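# Coordinates in review
Below, each chain spelled out in residue letters.
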Amino acid sequence: MLSYHKLMAKIAWGIECKQYQTEITAETGLVGKEPAVRVKVAWEKLPKSMTRYATKISQYISRNAKEYGASLAKAKNDRNQILLSVAAASETRLNIWLKTPKRTLYMRGVDLPIALPIGNTAAELESSQSNWADKISYMLTKANAAECSMVKDTVTTFNNRKFKNEMPHSCAQVLAQDCTPELKFLVLLKRDQTQEQNQITVKIGNMYEQQ
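Throughout what follows, the structure given in this document is the object of discussion. Because the structure is predicted, anything quoted here is derived from the model rather than measured.

### Side note on the overall build of the protein
- When you go through the protein residue by residue, the secondary structure sums to two helices and 14 strands.
- For the protein, contacts bridging at least 24 residues in sequence account for 32% of all contacts bridging at least 6.

Quick look at the structure:
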C-alpha cells in the first residue's frame, strides 16, 4: 500500500522465483473533476505462452473495436507495459483508455452497465456476452496454465524442466506441494511393485484422496 489511493503488487515465479517478474499498480484519482481509476501491468520477462495469448486477446479487441464504438490507433507505447484507465464521464457513462505496447484504444461515453453490441434480443445479447467472456477467460487460463506430470520415469515440473526419476520400493516421494508454512496441498507418488503402477495420494488441508 503506497498510499490511501495507490496499491502495488510484485509477482515473481519460475526458477527460484527469479525467471519471470511482473508489477501491478492500481490507483484512484481524478480526471478533471471526475473520479477515475488506473491499472498498470509492467513486466521484465514473461513466458512465451502468456505473450502468445496476450497477442491473441489484443488482436481480438482490435478486430471488434469499431463495433464497440472505440477508436484504435497504432502507437509505440512502452513495450513492457499495459495501462488501463477508466474515468467517469457522468453518472451513467465512462471514458476508457487502453494502452498496449503497439496500440492505443479509446472509448468515450460508454453506457453503464457495459454491454457488448452483439445480438438483437436480450437472450442473444446475454449469450454473446457469455461467449465473449468465456473466450477471454479461456485465453487467460491457458496463458497462466502450469502442469506437473510424470510419464514412465520422466518428471516434468511446473516450469517445464524434465529429469529422470528412480522410484524407490515401497516409499512415497513428494511430486508437488505448497511451499508456504500452511502446506495447503501435497501430492505424493508411490510405485506399486506388484501391479507395476504409480499410486498418487493428494492431500488438501486435512483431506486425503488416492488415485
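After that view, the rundown keeps rolling.
### Structural notes on unusual backbone geometry
- With phi around 50°, E16 is a residue other than glycine that occupies positive phi space.
- Examined against the element boundaries, E16 turns out to sit in the loop between β1 (6-13) and β2 (20-31).
- Backbone geometry at C17 places phi at a positive 55°, although glycine is not the residue there.

### Thoughts on the side chain of S85
- Mapped onto the fold, S85 is located in strand β5 (residues 81-88).
- Sequence-distant contacts of S85, that is, excluding residues within four places in its chain, are made with V37, R38, N95, I96 and W97.

### A short note on the sheet that holds strand β4 (residues 70-74)
- As summarised here, the arrangement of the seven strands in space is β1-β2-β3-β5-β6-β7-β4, forming an open sheet in which the pairing is antiparallel. Two strands bound the open sheet, and with one partner strand each, they are β1 and β4. Along the sheet, successive strands turn relative to each other by an average axial angle of 10°, direction set aside.
- Relative to strand β6 (residues 93-99), β5 runs antiparallel, the two being bridged by six bridges. Along β6, the bridge assignment pairs L83 with K99.

### Regarding the environment of G14
- Secondary-structure assignment places G14 in the loop between β1 and β2.
- If near-sequence neighbours (up to four positions away) are discounted, G14 is found in contact with Q19, Y20 and N159.

### Structural notes on the pairing of β1
- Pairing of β1 with β2, which is carried by eight bridges, proceeds in the antiparallel orientation. Bridging from a neighbouring strand, W13 pairs with Y20 of β2.
- Between the antiparallel neighbours β1 and β2 lie six residues, among them G14 with a positive phi of about 95°.

### Notes on the sheet that holds strand β9 (residues 154-156)
- With antiparallel pairing, three strands are arranged side by side in an open sheet as β8-β9-β10. Whereas interior strands pair on both sides, the edge strands pair on one side only; in this sheet they are β8 (149-151) and β10 (162-164). Each strand axis lies, on average, 25° off the axis of its neighbour in the sheet, ignoring direction.
- Here β8 pairs with β9 via three bridges, running antiparallel. Bridge assignment links S149 to a residue of β9, and that residue is T156.

### A word on the nonpolar core
- Counting ten residues, the largest nonpolar core is built from Y60, A65, Y68, A70, L94, I96, L98, L105, M107 and V110.
- Where this core is concerned, the elements lending two or more residues are β6 and β7 (103-111).
- Setting aside residues up to four positions removed in sequence, A70 forms contacts with A65, L105, Y106 and M107.

### Some remarks on empty space enclosed by the protein
- The final tally for this structure, using the stated rule, is one cavity of 30 Å³ or more.
- In this structure, the largest cavity occupies an estimated 60 Å³ of space.
- Around the largest cavity, the lining residues are S58, I61, S62, L72, L98, T100, R103, T104 and L105.
- Elements supplying a minimum of two residues to the lining of the largest cavity: α1 (48-64) and β7.
- Here the lining of the largest cavity is built from residues that sort into four nonpolar, four polar and one charged.

Thresholds, definitions, all that
For every chain, the first residue of the written sequence is number 1, and numbering continues from 1 along that sequence. Owing to the predicted nature of the model, reporting of local features is limited to residues with pLDDT of at least 70; listing and counting of side-chain atom pairs is limited to 80 or more, with chain, interface and lining totals taken over all residues. Only hydrogens and water are set aside when side-chain values are computed; all heavy atoms of the structure are taken into account. The secondary structure listing takes helices from DSSP runs of H or I that are at least 4 residues long and strands from runs of E that are at least 2 residues long, numbered from the N terminus. When checking whether two residues touch, look at their non-hydrogen atoms; a contact exists if any pair is within 4.5 Å. Here the rule is simple: two strands pair whenever DSSP picks up at least two bridges between them. Where helices are involved, their axes are fitted lines through C-alpha atoms of the stretch in contact, as for all axes, and angles between N-to-C directions lie from 0 to 180°. Here, nonpolar core means buried Ala, Val, Leu, Ile, Met, Phe, Trp, Tyr and Cys residues that are tied together by side-chain atoms lying within 4.5 Å of each other. Categorising residues by exposure relies on relative accessible area from a 1.4 Å probe, with only protein chains included: less than 20% of the type maximum marks a residue as buried, more than 50% marks it as exposed, and the intermediate range marks it as partly exposed. Points on a 1 Å grid over protein atoms alone make up a cavity when a 1.4 Å probe fits among them but cannot get out, and a pocket when they form an open set with protein on both sides within 12 Å along at least five of seven lines; lining residues each have an atom within 4 Å of a point. Grid points are joined across faces, edges and corners, and a volume is the space filled by probe spheres set on the points. Residue classes follow a fixed rule: Ala, Val, Leu, Ile, Met, Phe, Trp, Tyr, Cys and Pro count as nonpolar, while Asp, Glu, Lys and Arg count as charged, and any other residue, Gly among them, counts as polar.

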